[in-house]
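# Close look at the chain arrangement
As a plain string of letters, each chain reads:
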Amino acid sequence: MAAAEPGAAPGGGGCAPAGGGSVPVLFCFSVFARPSSVPHGAGYELLIQKFLSLYGDQIDMHRKFVVQLFAEEWSQYIDLPKGFLVNERCKVRLVPLQIQITTLGNLTPSSTVFFCCDMQERFRPAIKYFGDIISVGQRLLQGARLLGIPVIVTEQYPKGLGSTVQEIDLTGAKLVLPKTKFSMVLPEVEAALAEIPGVRSIVLFGVETHVCIQQTALELTGRGLEVHIVADATSSRSMMDRMFALERLARTGIIVTTSEAILLQLVADKEHPKFKEIQNLIKASAPESGLLSKV
């Protein structure tokens, strides 16, 4: 690890005296450079948070990164010194490494949240296989209740498009929220996620695959969450739109899977106390509709 600049306190960013207030920092990523500030004495974690707030849409969270500090004595960037604290004006950059993190796709109830997107009455006549995805969506929500998994539900402009269909039981949902934005990632949703400790994985389903589902999945991935899209509970008006959206999302590292795979992965063991109830949900599956053949 490279040493700190001359005159700096051990592990510090400069020789300015300790105190409150904020310190100007230039945050550089790729071709971008944006001035901002952080609290005096901020360390690595706060710098990472600031990078995400500034460049979240550009950062691929499936990659590893290193934070570097511009060192005047070398006239170039060096790896951020261990224990570094921002004590004076400085310039830092986020550098992607050429090693991708393997997305394993493991699911556990304690680190998973279900997202049910816009399963509303006005979409019924327009969305392909809508009756089937309603049936599968309801089964997923029943599984979530059995396993104690939080559920977040959105409704796209319900004043004009109606509420969630009656067949889907939203009993116990953590949040049911109207929206006009296509993505489900609203401030209220982010606040709800922040209240759930240890969230790592999002199971996402609903409509439409190429619009709200796609935009939600990309935003969640950009925030470092692993997204599982349930193919047999997700559809669009056009099967071509649906197919190309799922292909695009899979190429970005988002996991495209099925409801049965999700439920059995969450119980993981025949000896799980809820296995029989989950098994009964699976046995009550709707007949094969041909939806999965069009993934």
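The protein chain appears in an unreviewed UniProt entry as Isochorismatase domain-containing protein 1 from Callaeas wilsoni. Within the UniProt record for the protein chain, the comment given under Sequence similarities (unreviewed entry) is "Belongs to the isochorismatase family."

### Focus on the overall build of the protein chain
Assigned secondary structure in the protein chain consists of eight helices and eleven strands. Residues classed as buried in the protein chain amount to 45% of the 295 residues present. In the protein chain, of all internal contacts separated by at least 6 residues, the share reaching a separation of at least 24 is 73%. In the form shown here, the protein chain has an accessible surface area of approximately 14,500 Å², with 55% of it arising from carbon and sulfur atoms.

### Let's talk about the nonpolar core
Core analysis: the largest hydrophobic core is formed by 32 residues, its most contacted members being Phe 114, Phe 130, Leu 140, Phe 205 and Ile 262. Elements represented by at least two residues in this core include exactly strand 6 (112–117), helix 2 (130–147), strand 7 (151–156), strand 9 (201–207), strand 10 (226–235), helix 7 (259–267) and helix 8 (275–283). Here this core takes eight residues from helix 2, the largest share from any one element. In this view, Phe 130 contacts Met 119, Gln 120, Phe 123, Arg 124, Val 165 and Val 207; residues no more than four positions away in its chain are not counted. In this structure, Leu 175, Leu 225, Val 227 and Ile 229 belong to the second largest nonpolar core, which totals 27 residues.

### Details of the pairing of strand 7
Here strand 7 lies mainly inside the structure; six of its six residues are buried. Residue alternation in strand 7 divides its side chains into two sets, Val 151, Val 153 and Glu 155 and Ile 152, Thr 154 and Gln 156, and both sets are buried. Judged from the four bridges that link them, strand 6 and strand 7 form a sheet pairing that is parallel. Looking at strand 7, one finds that Cys 116 is bridged to Val 153. Once the chain exits strand 6 it traverses helix 2 before rejoining the sheet at strand 7, and the crossover so formed is right-handed. Note that strand 7 and strand 8 (residues 175–179) share five bridges and pair parallel. Bridge pairing in strand 8 places Val 153 opposite Val 176.

### Examining the sheet that holds strand 10
An order of 8-7-6-9-10-11 is seen for the six strands of this open sheet, with the pairing classed as parallel. Looking at the sheet topology across the chains shown, the edges are occupied by strand 8 and strand 11 (255–257). Recorded for the sheet is a direction-independent mean angle of 25° between the axes of neighbouring strands. The sheet contact formed by strand 9 and strand 10 spans six bridges and is parallel.

### Side note on helix 5 (residues 209–222)
Along an α-helix, a turn takes 3.6 residues, which lines up residues three or four apart on a common side. The terminal C-alpha atoms of helix 5 lie 18 Å apart, and with 14 residues this matches the ideal 20 Å at 1.5 Å per residue to within 8%. Of all 14 residues in helix 5, twelve are buried, a share of seventy percent or more. Of all the positions in helix 5, only Thr 209, His 210, Val 211, Cys 212, Ile 213, Gln 214, Thr 216, Ala 217, Glu 219, Leu 220, Thr 221 and Gly 222 are classed as buried. Gly 224 occupies a position one or two residues after helix 5 and carries a positive phi of about 90°.

### Remarks on the environment of His 272
Topologically, His 272 is positioned in the loop between helix 7 and helix 8. Contact partners of His 272, with chain neighbours within four places excluded, come to Leu 147 and Val 267.

### A few points about unusual backbone geometry
Going from Val 207 to Glu 208, the amide bond is cis rather than trans, its omega being -20°. Position of Glu 208 among the secondary structure elements: in the loop between strand 9 and helix 5. A positive phi is found at Ser 30, a non-glycine position, where the angle reads about 55°. The residue Ser 30 is located in the loop between strand 1 (22–29) and strand 2 (32–39) in this model. In this structure, Ser 75 takes a positive phi of about 55° despite not being glycine. Mapped onto the secondary structure, Ser 75 falls in the loop between strand 3 (63–71) and strand 4 (76–79). Taking relative accessible area as the criterion, Ser 75 reaches 55% and is therefore assigned exposed.

### Quick word on the pattern of salt bridges
For the structure shown, the criterion picks out ten salt bridges. One continuous salt-bridge network, built from bridges that share partners, spans Lys 181, Glu 190, Glu 219 and Arg 223.

### Observations regarding the environment of Asp 241
Structurally, Asp 241 can be placed in helix 6 (residues 239–251). Among the residues examined, Asp 241 registers a relative accessible area of 34% and is labelled partly exposed. As a C-alpha pair, Asp 241 and Val 211 span 30 residues in sequence and 9.0 Å in three-dimensional space.

### Remarks on the confidence of the model for the protein chain
Across the protein chain, the average pLDDT comes to 88, with 86% of residues at 70 or higher. A low-confidence stretch, residues 1–18 (pLDDT under 50), is modelled with 41 contacts involving residues beyond four sequence positions or located in other chains.

Scoring rules and cut-offs
- Residues numbered from 1 in each chain as written.
- Predicted model: local features only at pLDDT ≥ 70, side-chain atom pairs only at ≥ 80, totals over all residues.
- Heavy atoms only, no water.
- UniProt positions renumbered as here; feature names shortened; annotations may be inferred.
- Helix = DSSP H or I, 4+ residues; strand = E, 2+ residues; numbered from the N terminus.
- Buried < 20%, exposed > 50% of the residue type's maximum accessible area, 1.4 Å probe, protein only.
- Contact = heavy atoms within 4.5 Å.
- Areas by Shrake-Rupley, 256 points an atom, 1.4 Å probe, with all protein chains shown as cover.
- Core = buried A, V, L, I, M, F, W, Y, C linked by side-chain atoms within 4.5 Å.
- Pairing = 2+ DSSP bridges.
- Right-handed = clockwise from strand over helix to strand, strands pointing away.
- Axes fitted to C-alpha atoms, helices over the stretch in contact; angles between N-to-C directions.
- Expected span 1.5 Å × (residues − 1).
- Salt bridge = Lys/Arg side-chain N within 4 Å of Asp/Glu carboxyl O.
- pLDDT = per-residue confidence, 0-100.

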